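Residues per chain are reported as follows:
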Amino acid sequence: MYNVAMTMTDLRYPVGEFVMPATVTPAMRTESIAAIAALPARMREAVHGLPDSRLDRPYRPGGWTVRQVVHHVADSHINAFVRLKLALTEENPTIKPYDEKAFAQLADQQLPVDVSVTLLDSLHARWVAVLNSLSPQQFTRPLHHPENGAITIDYQVQNYGWHSRHHVAHITSLRAREGW
């Protein structure tokens, strides 16, 4: 279902790049929703026991620090949850993109990672509750992304299931490479 081909030297995509499947099955939805549901615990486990010196280390040369990755996931998933609710309550809403690189430079990115992991616990509980309540037809509801064009809730679910695995793997791959 996902393109996971990559070279071992491409640390940007430890689970492969996201590729939207041509068709989304109910099983694929279930799998992606499960990945979204599991993200808070998996993120907590990924950063468990890391001192600040390791949290402030980039996961790859030129990449974000582990701390920035954790806070980015919270920022991104807040936006995804709001976008889902807009898609469910408005007709083909245009969603607002944000500059994730600029977000990663703001002062809140220096807070302890537990702040964002705790936020993810509550956010994902709400997000998964909404996702699990949807009918098959609701997954096809459209929304417009100014940079990506027309997308659906199905697209978002598949993308954020991947996103949940992707960023945890940045941290766990770094830990494995460094023997942490």
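Note: the structure precedes this text.
Trainee: What is the right way to read the overall build of the protein from this model?
Mentor: Counting its secondary structure elements, the protein contains six helices and two strands. Taken from the N to the C terminus, the helices and strands of the protein come in the order α-α-α-α-α-β-β-α. Here the protein has a C-alpha radius of gyration of 16 Å; the compact-globule value for 180 residues is 16 Å, and the two agree. Dimensions of the protein, computed from the C-alpha atoms along their principal axes, are close to 45 × 35 × 30 Å. Here the protein, with 180 residues, has 47% of them falling under the buried criterion. Across the protein, every contact between residues at least 6 apart in sequence was considered, and the portion connecting residues at least 24 apart equals 76%. The centroid of the 17 positive side-chain charges in the protein is displaced by 2 Å from the centroid of its 17 negative side-chain charges.

Trainee: For this particular structure, what's the right way to read the nonpolar core?
Mentor: For soluble globular proteins, the rule of thumb is that nonpolar side chains tend to be buried together. One finds Met43, Val47, Val66, Val70 and Ile171 to be the most contacted residues of the largest nonpolar core, which totals 20 residues. Breaking this core down by element, the ones donating at least two residues are helix H1 (26-47), helix H3 (66-89), helix H5 (113-133) and helix H6 (153-178). Among the elements that take part in this core, H3 stands out by supplying five residues, more than any other. If we ignore the near neighbours within four places in the chain, the residues touching isoleucine 171 are Met43, Ala46, Val47, Val66, Val69 and Val70. Ala87, Ile95, Leu123 and Ile153 belong to the second-largest nonpolar core, a separate cluster that totals 19 residues.

Trainee: Explanation requested: the layout of surface pockets in the structure shown.
Mentor: Space left empty within the atom packing is revealed by a probe, the size of a water molecule, rolled over the atoms. Approximately 850 Å³ is the volume found for the largest pocket. Around the largest pocket sit 30 residues that line it, and His72, Glu100, Trp162, His163 and His167 are the ones nearest its centre. Considering every element that reaches the lining of the largest pocket, the biggest residue donor is H6, with nine residues. A per-class count over the lining of the largest pocket returns 11 nonpolar, 12 polar and seven charged.

Analysis parameters
- Residues numbered from 1 in each chain as written.
- Predicted model: local features only at pLDDT ≥ 70, side-chain atom pairs only at ≥ 80, totals over all residues.
- Heavy atoms only, no water.
- Helix = DSSP H or I, 4+ residues; strand = E, 2+ residues; numbered from the N terminus.
- Rg over C-alpha atoms; globule rule 2.2 N^0.38 Å.
- Buried < 20%, exposed > 50% of the residue type's maximum accessible area, 1.4 Å probe, protein only.
- Contact = heavy atoms within 4.5 Å.
- Lys, Arg positive; Asp, Glu negative; His and termini not counted.
- Charge placed at Lys NZ, Arg CZ, Asp CG, Glu CD.
- Core = buried A, V, L, I, M, F, W, Y, C linked by side-chain atoms within 4.5 Å.
- 1 Å grid on protein atoms, 1.4 Å probe; cavity = no way out; pocket = protein on both sides within 12 Å on 5 of 7 lines; lining within 4 Å.
- Points joined across faces, edges and corners; volume = space filled by probe spheres on them.
- Nonpolar A, V, L, I, M, F, W, Y, C, P; charged D, E, K, R; others polar.

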